[in-house]
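Structure assessment
The lines below spell out each chain.
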Amino acid sequence: MNDKHKTPDRINISKKSKNIINKIEEEKFLNLDSTNTSRSLLFSFAMAIGLETIPTKLENVHSGGLILDASIDSKTKSLMYSYIISESKNKVTLDDVSDKEYVYKSVQELANTGFQVIEDYMNKNENDVIWKMLKELDVQYYENVENGSSIYDKENFESPIAAENNE
Amino acid sequence: MMRFNSIEILNYRQYKKLKFDFPKNNEYDLHVIVGQNGMGKTNILNAVTWCLYGVEPHLGDGSRSLPKMNLESKKEAIDNDLDTVNVEVKIFTEDSGQLISFQRKLPIGVDKDFEYKEEFLVTATDIANNTKTYENDEAIEFVNRYMPEKIREYFYFDGEQLHNYFLSDQNAKIKDSVHTISQVDMLTRIKERMGKLIIKKQKEAGKLAPDVDKINKEISIVKSKVERFETNINELKKQILKSENIIIENTEHLRGQDNLPELEERYQVLKLKLENLEKDRGTLIKELKAFIRDNKIALSFYSSAKETIRIIQEKESDNSLPPNIDKGLLKKVLKEHKCFLCGRELNLDSEKKVKKILDQIMVSSQTSHLLLSIKSELERIVIEAELYLKNKDIILKRVRKNEHEIQEIEIELQKIDNEINRFTDKKQIKLWHTERNEHTKLFKFNNQRIGSEKKQAEDAYVELSSLERKLEESMAKLNECKKVNEMILFSKKSKNVIESVEVEMMDEVKINMEELTSNYFDKLVWKKNTYKNIKLDENYHLDLIHVDGYSCVGSCSAAERSLLALSFTLALHEVSGFNSLLFIDTPVARVSDLNRINFADVLKEVSKNKQIIMTFSPDEYSHEVKKIFEPSVSTKIQLVTEQEKFTVFN
């Protein structure tokens, strides 16, 4: 178990989240089980779901944690820190970024709520969830992307998926 | 015309002792015997054929394993210490005032069912009361005068087989029948005798002249060759005809059900396609789920990622992101007024510079390193989010296409399944198909072979003719052979004459049979405007011709085929002069409903001029059939069993 005064060496989850993850393993919900999705990516997904809710404090921490530091992939790390930066009070010094304990605590709380929402999804028909999530993604796209500016030239950019499908 | 007055059966199979009387009580010489299955109806027919010919051609599988003698009689004989039981059948007939009885007796040992010598006796009493008895061979000859064994199937027949008379390979039997009734047998025997005589004389000539002998030997070899080819050709002709009939029969069976194999093949192909599409669907759903997962992440973090990238870009442009400099170290340098690189004390100027650097590096180098490392990853996430719509369209298009294809195939599979389920006996249909295909190949193959055999036979004939000419020439040269040569020539001429008379007589009979069969059929058939005539071709293949000109013996109903068989039989009786009764076991077995009534009407009509004895099961002797027969029937007999041990009258 981590001493809260020491630098964290893993991403932690609550026991409740651990049970939810076990259920995901069993049911292979949205192919989020470990044979199809890395733990890192699962955590990123939980954070993404949690972004639409209020972070909740971790209670009854699962002793083994979810991912060791060394196993957190670069994408997940980027997402963790982008969240911290976007939430940071001081965007000049970005002091929060260097406080690992704070970073890990914040993203853990975000994902904590996210796992509960995933559990709610699992109580519904998976097919219905897929189409519901697609609709939500459409809304997110229109709200966040369509109305924002692009970082690339949409006219000339070629989608790698399109290229793969010879569209 | 010969008719049966009565049949006495003693100790024969189901019959312990029974006498069937068949008096003619009205204008119809019609006699009906009704009994459940197993009562012994068919064994009455067997009793008749056994009595007259010593054969039982209609035994069922159950009877085949049982001895001829009645088991109850056997038991009684054992109880009474008797060694044998006499199985006897007597048939009492009359023909134009002459009374003729046929009696066959067979003693059978009760111990091991051993059959002793049979006795067959025919007793004929003429109008003047003169009686003559014939035994054994003489008796057999007598029977053949009235009801030749070769054509017994046209006097006593099994109604179950009536409709099949002109299918399969029955034409050989028809040819034989015609041969018998035209009494061409005698000519054939003379022809064969002549042939043997010619060979004998040629051998004699051969002994007188070695040259002639040599040629004779060569002729003998070539004749064997010719015989072999002729045998092969006849066999091939039979096989070709058999194949042809099976093809016609099976095509008829498969009418409306022909496409089962194609349907099943298509079904399997579609099933395989469906399996592959369902596999693809699994993959597509997996891809869709990954798409949702990745884009949920990208779109949810889009704003924060963009914000972070903006901040990083800002800091890069105003140099807030330093190289990896330890801020702590600089702070320590200022505190201790000492450079830890060169070891010198800091002067005012240096101190100012360090302070400036420190002020500029607002972000720690660790943070700066982190920011730079996450920038490219965040850019990727942002791009992914921005391509969401395009990528979604692509993947959903593929998913929908797959769903649509699956749906289409499922609909077609259902359609095919419904069609396949129409076929009530798929196994049988497949058998018919396979059989038809096999015989189609065989038909083609045999036709090719027959061509080759015919060619070889032709060549052999030419060789034979040449050798025979050579032989004649050689013999003509030799005086010793002159007399023998004259005899051979005369014999050959006679043989040729006999052959042509034989053919002429057969043809005349064939034409008569064709005409009479047509006439009877035309008179008796219930569909008056459907059939044109009947044809007997050179192979004695009987065909029924539709008014539109096509052959339809394979496609007419079982009742009509039975009627055709009956018409042929009546024609045969008339042409042959063997005008005897008809005994039919279960005449309407293969005939259904309305046609049963029609057929019953026909039989009643025929019985005005010919005795007809028929056996029926109660089901066959239905209300409709009864309605036709009962008012006209001369005798009606009901068979029952006595304590299930033997058959008696009700």
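Further up the page is the structure itself.
Below: a short report on this structure. Quick caveat: nothing in here was measured; it's all calculated off a predicted structure.

Scoring rules and cut-offs
- Residues numbered from 1 in each chain as written.
- Chains lettered and ligands numbered in written order.
- Predicted model: local features only at pLDDT ≥ 70, side-chain atom pairs only at ≥ 80, totals over all residues.
- Heavy atoms only, no water.
- Helix = DSSP H or I, 4+ residues; strand = E, 2+ residues; numbered from the N terminus.
- Buried < 20%, exposed > 50% of the residue type's maximum accessible area, 1.4 Å probe, protein only.
- Areas by Shrake-Rupley, 256 points an atom, 1.4 Å probe, with all protein chains shown as cover.
- Patch = residues over 30% accessible without salt bridge, like charges linked within 9 Å, V, L, I, M, F, W, Y side chains within 5 Å.
- Salt bridge = Lys/Arg side-chain N within 4 Å of Asp/Glu carboxyl O.
- Lys, Arg positive; Asp, Glu negative; His and termini not counted.
- Charge placed at Lys NZ, Arg CZ, Asp CG, Glu CD.
- Core = buried A, V, L, I, M, F, W, Y, C linked by side-chain atoms within 4.5 Å.
- Contact = heavy atoms within 4.5 Å.
- Buried area = accessible area lost by both parts, 1.4 Å probe.
- Polar contact = N/O pair within 3.5 Å; in protein donor to acceptor, adjacent residues only side chain to side chain.
- 1 Å grid on protein atoms, 1.4 Å probe; cavity = no way out; pocket = protein on both sides within 12 Å on 5 of 7 lines; lining within 4 Å.
- Points joined across faces, edges and corners; volume = space filled by probe spheres on them.
- Nonpolar A, V, L, I, M, F, W, Y, C, P; charged D, E, K, R; others polar.
- Axes fitted to C-alpha atoms, helices over the stretch in contact; angles between N-to-C directions.
- Parallel < 35°, antiparallel > 145°, perpendicular 65-115°, else oblique.
- Left-handed = near helix turned anticlockwise from the far one by under 90°.
- Phe/Tyr/Trp six-rings, centres within 6.5 Å; stacked < 30°, edge-to-face > 60°.

Some points on the overall build of chain A
- When its secondary structure is counted, chain A shows seven helices and two strands.
- Helices (α) and strands (β) of chain A occur, in sequence order from the N terminus, as β-α-α-β-α-α-α-α-α.
- When the 167 residues of chain A are sorted by exposure, 45% land in the buried category.
- Accessible surface computed for chain A: about 8900 Å², of which carbon and sulfur atoms make up 47%.

Quick look at the overall build of chain B
- Check the secondary structure of chain B and you find 19 helices and 14 strands.
- Sorting the 650 residues of chain B into buried and exposed places 47% on the buried side.
- For chain B, the exposed surface amounts to about 34500 Å²; the carbon and sulfur share of it is 49%.

Considering a negative patch on the surface
All names here are of chain B.
- A cluster of acidic residues, E119, E135, D137, E138 and E141, forms a negative patch at the surface.
- Take the negative patch: its biggest share by element is three residues, from helix α4 (residues 136-146).
- With respect to the secondary-structure elements, E135 resides in strand β7 (residues 131-135).
- Assessed through its relative accessible area of 49%, E135 is described here as partly exposed.

Remarks on the nonpolar core
- With 94 residues, the main nonpolar core has I7, F20, F102, Y156 and F629 of chain B as its most contacted residues.
- The biggest single contributor to this core is helix α1 (residues 41-53) of chain B, with eight residues.
- Ignoring anything within four residues of it in the chain, the contact list for Y156 of chain B reads F4, L45, V48, T49, L52, Y53, H58, M147, L581 and F583 of chain B.
- One finds I24 and L134 of chain A together with F291 and L396 of chain B within the second-largest nonpolar core, a separate group that totals 65 residues.

Brief notes about the interface of chain B and chain A
- Each side of the interface is counted separately: chain B has 47 residues, and chain A has 53 residues.
- For the pair chain B and chain A, the summed buried area comes to about 4800 Å², and 69% of that belongs to carbon and sulfur atoms.
- In this structure, the connection of chain B to chain A is made through five salt bridges.
- Here K296 of chain B and E52 of chain A are joined by a salt bridge, their closest N and O atoms 2.5 Å apart.
- The tally of links between chain B and chain A comes to twelve residue pairs in polar contact (both at pLDDT 80 or more).

A closer look at the layout of surface pockets
Residue and element names in this part refer to chain B.
- Volume-wise, the largest pocket comes out at about 1900 Å³.
- In terms of lining, the largest pocket is formed by 49 residues, of which the most central are K191, E230, N234, Y461 and E499.
- Those elements that place two or more of their residues in the lining of the largest pocket are α6 (171-181), α7 (185-208), α8 (210-254), α15 (426-477) and α16 (482-524).
- The element contributing the most residues to the lining of the largest pocket is α8, with 17 residues.
- The residue inventory of the lining of the largest pocket, partitioned by class, reads 13 nonpolar, 13 polar and 23 charged.

Quick look at helix α3 (residues 71-79) of chain B
All names here are of chain B.
- Those residues of α3 not exposed but buried are E72, S73, K74 and A77.
- If you check the start of α3, you find a side-chain oxygen 3.1 Å away from the backbone N of E72, and it comes from N70.
- Where α3 terminates, the next one or two residues include D81, which has phi positive at roughly 60°.

Let's talk about the side chain of S632 of chain B
Residue and element names in this part refer to chain B.
- As for its placement among the helices and strands, S632 is situated in the loop between α19 (623-629) and β13 (635-642).
- Here K604 takes part through its side chain, which lies 3.5 Å from a polar atom of the side chain of S632.
- When neighbours within four sequence positions are excluded, S632 is seen to be in contact with N26, Y28 and K604.

Observations regarding the environment of S622 of chain B
Residues and elements named next belong to chain B.
- Here S622 lies in the loop between β12 (612-616) and α19.
- Given a relative accessible area of 16%, S622 falls into the buried group.
- Along the primary structure S622 and R596 are separated by 26 residues, whereas in three dimensions their C-alpha atoms are 9.3 Å apart.

Section: the packing of α7 of chain B against α16 of chain B
Residue and element names in this part refer to chain B.
- As a packed pair, α7 and α16 sit with axes 9 Å apart at the nearest point and diverge in direction by 160°. Classified by the angle between their axes, α7 and α16 sit roughly antiparallel to one another. Relative to α16, the crossing made by α7 is left-handed. Touching L187, T188, I190, K191, M194, G195, L197, I198, K201, Q202, E204 and A205 of α7 are V484, M487, I488, S491, K492, S494, K495, I498, E499, V501, E502 and M505, all from α16.

Section: the packing of aromatic side chains
- In total, this model carries twelve aromatic pairs over all chains according to the counting rule given.
- Aromatic side chains Y15 of chain B and F20 of chain B sit 6.0 Å apart centroid to centroid with 75° between the ring planes, which places their arrangement in the edge-to-face category.
- Aromatic pair F616 of chain B and Y621 of chain B: ring centres 5.2 Å apart, planes at 45°, arrangement tilted.
- Y621 of chain B sits in the buried class, given a relative accessible area of 5%.
- Aromatic rings pair up to connect Y141 and Y142 of chain A together with F291 and Y388 of chain B into one cluster.

In short, shape yes, function no, at least from these values alone.
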